[in-house]
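For reference, the chains in residue letters:
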Amino acid sequence: MAHEATHDLHDDHHEPQGFFQRWVMSTNHKDIGTLYLIFSLTMFFIGGSFAMVIRAELFKPGLQLVQPYFFNEMTTMHALVMIFGAIMPAFVGLGNWMIPLMIGAPDMALPRMNNLSFWILPFAFALLLSTLFLPGGGPAGGWTMYGGYIVQPPAGPPLSLQTGSLAYAVFAIHLMGISSIMGAINIIATILNMRAPGMDLLKMPVFVWSWLITAFLLIAVMPVLAGAVTMLLTDKYFGTSFFNPHGGGDPVLYQHVFWFFGHPEVYIMILPAFGIVSEVIPTFARKPIFGYRAMVYAIACIAFLSFIVWAHHMFAVGLPLGADIFFMYATMLIAVPTGVKVFNWVATMWGGSMTFETPMLFAIAFVILFTIGGFSGLMLALVPADFQYHDTYFVVAHFHYVLVTGAAFAIMAATYYWLPKWTGHMYNEFWGKVHFWCSVVFVNVLFFPQHFLGLAGMPRRIPDYNVAFADFNMMSSIGGFLFGASQLIFLGVIVHCAFFSKKKATDRVWEGARGLEWTLSSPPPHHSFTVPPVVRDEELAHGHADD
Amino acid sequence: MTSRVACGQQSQQRRTGVRRTVTVLAIVVGVFYLLSFAQILLMK
Ligand code: HEM
Ligand SMILES: [Cu+2]
């Protein structure tokens, strides 16, 4: 019965032969993880270049560089590429690399499906990005694709030039969704079934926990997104009227369906980041995580709450009062488990013997700056306040604090933290720190002034603005260019570490590192834990429920 | 058992576990997709 599988796994046993075999046909979690991470970094720079166009146009008032329609394409594509191309695949890549190593599994549970999950993505993004070259341009109605902008022809290109860009985008989103769902199933199957003996659920590293919960979120909401965009598609091309008022449809319905996906989606982009920070801080504070159990429960609690807050994105559409109040309070409730996490990270550092290597710097910056994003989120959760802030730059500032200094900084922390493990060489600490300090300074120059712009009333997603907003916009653009340029240092450090670094990494890499992944050599053998490791409590990652 | 694991094998137990998990999840996803698309058919 098990014959085919036996055969396959047996082939796997040897080092992969040739470039094509190794990278295209890969079923190895480490290689697939690497592919995801390279893909994500590529998308980070593509999405980043779109952001540079946006900030260049907004450098001063008036239209200078690009046509308004193209500007809207840039804001739309920037968001889609960063969310689905950069942040999510980075976490999947980190999960692929680290989850089997952290739980003592030989590989992911479904290695061939893993290959497929990854290889769908380049095609999905080729499809999405190709729309920029269509005669009528790409999607330009924002990443939220509200029906009103999408279904009715935009004022931009003349009707004769209207192309199938929406159809391309919808198909690309379907592909990304399928990839994410397969990835999520794989991660759940791996965590539930492949743990080494003795690795009880409540002994798993917090990063593994965060991914387990994220995977359930993905399974729950990706089909909803697929349904929403399919209805858009049929509205646009097949004459249905789900969201089109001309035929009796309801545009607000789209917003409900979209945000039922959309809010859990933002937590999909932050829970694995919480997991990463919960690994990095104990290592460099040389203390177990404070309140392991509370950390796990807080993640689960946030995940649950994320399903009952979606309409905080829709206060301005005019919901019934009862709905306003429900969603306001439910949203503010999320601050409680989030606060638990922030306090526990601080308590982990408290009294620790801390050192400040690059991963720790990014993790500490995460704790501080993510919290700023949390606070602006709380402000937005207040219905009367949101009436003023909605669709202004205040929202843009909010979600960039949680996504850039939150999710992206955590990914950078993870990269520096595990790069020596992956490559077997140390990265250059000096340049890592230069990257950190440039990033942390410029990201604030970039996004902090946007709070003021929003409070003063500057709308989001516009290519031109009142001269009253000129100074803060120029400041923000300068911060943007410098932040963008700083990321080239990141690229440099990674390339140097992977190919040129002479400094060998030890197995443990960091003095305070705990967890099964550090018991392997650096880099780990192509196939690790083919014999399940013996899990000793002192080697568990920074604490567990029995503490 | 251990030796099968040692040659890159998952043990039989793991194999059934994985199969069971994947079946359950696949059904859940299938139902979610069906619901999402059923409403498309039902509503218009
Ligand atoms: C304390 C936790 C948080 C609260 C209370 C909160 C609250 C809000 C509210 C009320 C809005 C809607 C603002 C508007 O459009 O008028 C919003 C927007 C947004 N939030 Fe949060 N948020 C929180 C955390 C997060 C996190 C962790 C992320 C992602 C990692 C995130 C990502 C976003 C995004 C992307 C948007 C804008 C969506 C769009 O319109 O394009 N938020 N948040
Ligand atoms: Cu939300």
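Rules behind the numbers
Residues numbered from 1 in each chain as written. Chains lettered and ligands numbered in written order. Predicted model: local features only at pLDDT ≥ 70, side-chain atom pairs only at ≥ 80, totals over all residues. Heavy atoms only, no water. Helix = DSSP H or I, 4+ residues; strand = E, 2+ residues; numbered from the N terminus. Buried < 20%, exposed > 50% of the residue type's maximum accessible area, 1.4 Å probe, protein only. Areas by Shrake-Rupley, 256 points an atom, 1.4 Å probe, with all protein chains shown as cover. Rg over C-alpha atoms; globule rule 2.2 N^0.38 Å. Contact = heavy atoms within 4.5 Å. Lys, Arg positive; Asp, Glu negative; His and termini not counted. Charge placed at Lys NZ, Arg CZ, Asp CG, Glu CD. Core = buried A, V, L, I, M, F, W, Y, C linked by side-chain atoms within 4.5 Å. Expected span 1.5 Å × (residues − 1). Bend = angle between axes of the 7 residues up to and from the residue. Polar contact = N/O pair within 3.5 Å; in protein donor to acceptor, adjacent residues only side chain to side chain. Donors = N, O, S within 2.8 Å, 3.2 Å for Na, K, Ca; no water. Salt bridge = Lys/Arg side-chain N within 4 Å of Asp/Glu carboxyl O. Patch = residues over 30% accessible without salt bridge, like charges linked within 9 Å, V, L, I, M, F, W, Y side chains within 5 Å. Phe/Tyr/Trp six-rings, centres within 6.5 Å; stacked < 30°, edge-to-face > 60°. Disulfide = S-S within 2.5 Å. pLDDT = per-residue confidence, 0-100. Near = heavy atom within 4 Å.

A. Geometry of the overall build of chain B. Scanning chain B from terminus to terminus reveals two helices and zero strands. Here chain B holds 44 residues, and the buried ones make up 34% of them. Of the roughly 2800 Å² of accessible surface on chain B, a fraction of 72% belongs to carbon and sulfur atoms.

B. Layout of the overall build of chain A. Each helix and strand counted, chain A has 17 helices and zero strands in total. For a compact globule of 547 residues, the expected C-alpha radius of gyration is about 24 Å, and chain A comes in at 23 Å, within 12% of that figure. With the C-alpha coordinates aligned to their principal axes, the bounding extent of chain A is approximately 65 × 55 × 50 Å. The 547 residues of chain A split such that 62% are buried. Long-range contacts, defined as pairs at least 24 residues apart, comprise 84% of the intrachain contacts of chain A with a sequence gap of at least 6. Summed over its atoms, the accessible surface of chain A is roughly 20200 Å², and 71% of this surface lies on carbon and sulfur atoms. Charge-centre separation for chain A: the mean point of 22 positive side chains lies 7 Å from the mean point of 29 negative side chains.

C. Representation of the nonpolar core. All names here are of chain A. Grouped together as the largest cluster of nonpolar side chains are 192 residues, with contacts concentrated most on Phe-84, Leu-271, Trp-345, Phe-366 and Trp-418. Apart from residues no more than four positions distant in its own chain, Trp-418 is found in contact with Leu-94, Met-98, Met-102, Phe-207, Glu-279, Glu-517 and Trp-518. Among the nonpolar cores identified, the runner-up in size contains five residues, and Leu-380, Ala-385, Phe-394 and Val-395 belong to it.

D. Region of interest: helix H9 (residues 251-268) of chain A. Residue and element names in this part refer to chain A. Over its 18 residues, H9 extends 26 Å from the first C-alpha to the last, a length consistent with the 26 Å expected when each residue adds 1.5 Å. Most pronounced at Trp-259, the bend in H9 amounts to some 30 degrees. Taken residue by residue, H9 has Tyr-254, Gln-255, Val-257, Phe-258, Trp-259, Phe-261, Gly-262, His-263, Pro-264, Glu-265, Tyr-267 and Ile-268 as its buried positions. A side-chain oxygen of the first residue of H9 lies 2.9 Å from the backbone nitrogen of Val-252; this N-cap is Asp-250.

E. Spotlight on the coordination of the copper ion (ligand 2). Residues and elements named next belong to chain A. Coordination of the copper ion (ligand 2) by the protein is provided by His-263 (ND1), His-312 (NE2) and His-313 (NE2), with metal-donor distances spanning 1.8 to 2.1 Å. Between consecutive donors of the copper ion (ligand 2), the numbers of intervening residues give the motif H-x48-H-H. Between the copper ion (ligand 2) and the iron atom of ligand 1, the interatomic distance is 4.5 Å. Placement of the pair is His-263 in helix H9 and His-313 in the loop between helix H11 (292-305) and helix H12 (321-349), with a sequence separation of 50 residues.

F. Representation of the coordination of the iron atom of ligand 1 within the structure. The protein gives the iron atom of ligand 1 a lone donor atom, His-398 of chain A (NE2), placed 2.1 Å from the metal. Mapped onto the secondary structure, His-398 of chain A falls in helix H15 (residues 393-423).

G. Representation of the pattern of salt bridges in the model. Per the counting criterion, the structure on display carries four salt bridges over all chains. Two residues, Arg-22 of chain A and Asp-31 of chain A, come together in a salt bridge whose shortest N-O distance is 2.9 Å.

H. Just a nonpolar patch on the surface, in detail. Residues and elements named next belong to chain A. A surface patch of nonpolar side chains, amounting to about 500 Å² of accessible area, comprises Leu-488, Leu-491, Val-495, Phe-499 and Phe-500. The residue Phe-500 is located in helix H17 (residues 470-500) in this model. Residue Phe-500 is classed as exposed on the basis of its relative accessible area of 52%.

I. View of the packing of aromatic side chains. Residues and elements named next belong to chain A. Within this structure, the stated rule accounts for 42 aromatic pairs over all chains. Ring geometry for Phe-59 and Phe-481: centres 6.3 Å apart, planes at 25 degrees, overall stacked. Residue Phe-59 is located in the loop between helix H3 (29-57) and helix H4 (68-103), and its partner Phe-481 is located in helix H17; the two are separated by 422 residues in the primary sequence. Seen from their ring centres, Phe-243 and Tyr-254 are 5.1 Å apart, and the 75 degrees between their planes marks the pair as edge-to-face. Linking Phe-243 in the loop between helix H8 (206-237) and H9 with Tyr-254 in helix H9, this pair joins segments that are 11 residues apart in sequence. Of the residues examined, Tyr-254 reaches a relative accessible area of 0% and is grouped as buried.

J. The arrangement of the state of the cysteines in detail. Summed over the entire model, instances satisfying the criterion amount to zero disulfides over all chains. Cysteine Cys-497 of chain A is unpaired, with the sulfur of Cys-438 of chain A as its nearest cysteine sulfur at 19 Å.

K. Just the confidence of the model for chain B, in detail. Residue and element names in this part refer to chain B. Per-residue confidence for chain B gives a mean pLDDT of 72, with 73% of residues at or over 70. Low pLDDT (under 50) marks residues 1-9, which in the prediction has 20 contacts with non-local residues, meaning those over four places away or in another chain. This complex was scored by the predictor with a pTM of 0.92 and an ipTM of 0.73.

L. Local environment of unusual backbone geometry. Residues and elements named next belong to chain A. The linkage connecting Ser-522 with the following residue, Pro-523, adopts the cis geometry, with an omega of -10 degrees. Within the element layout of this structure, Pro-523 appears in the segment after H17. In this model, Arg-461 sits at a positive phi of 60 degrees, which is unusual for a non-glycine residue. For Arg-461, a relative accessible area of 26% translates into the label partly exposed.

M. Looking closely at the site of ligand 1. All names here are of chain A. Trp-143, Asp-386, His-390, His-398 and Arg-460 are the nearest of the 22 residues found near ligand 1. A distance of 2.4 Å separates an oxygen atom of ligand 1 from a polar side-chain atom of Asp-386. A distance of 2.9 Å separates a nitrogen atom of ligand 1 from a polar atom in the side chain of His-398. Secondary structure elements with two or more residues in the shell around ligand 1: H9, helix H13 (358-381) and H15.

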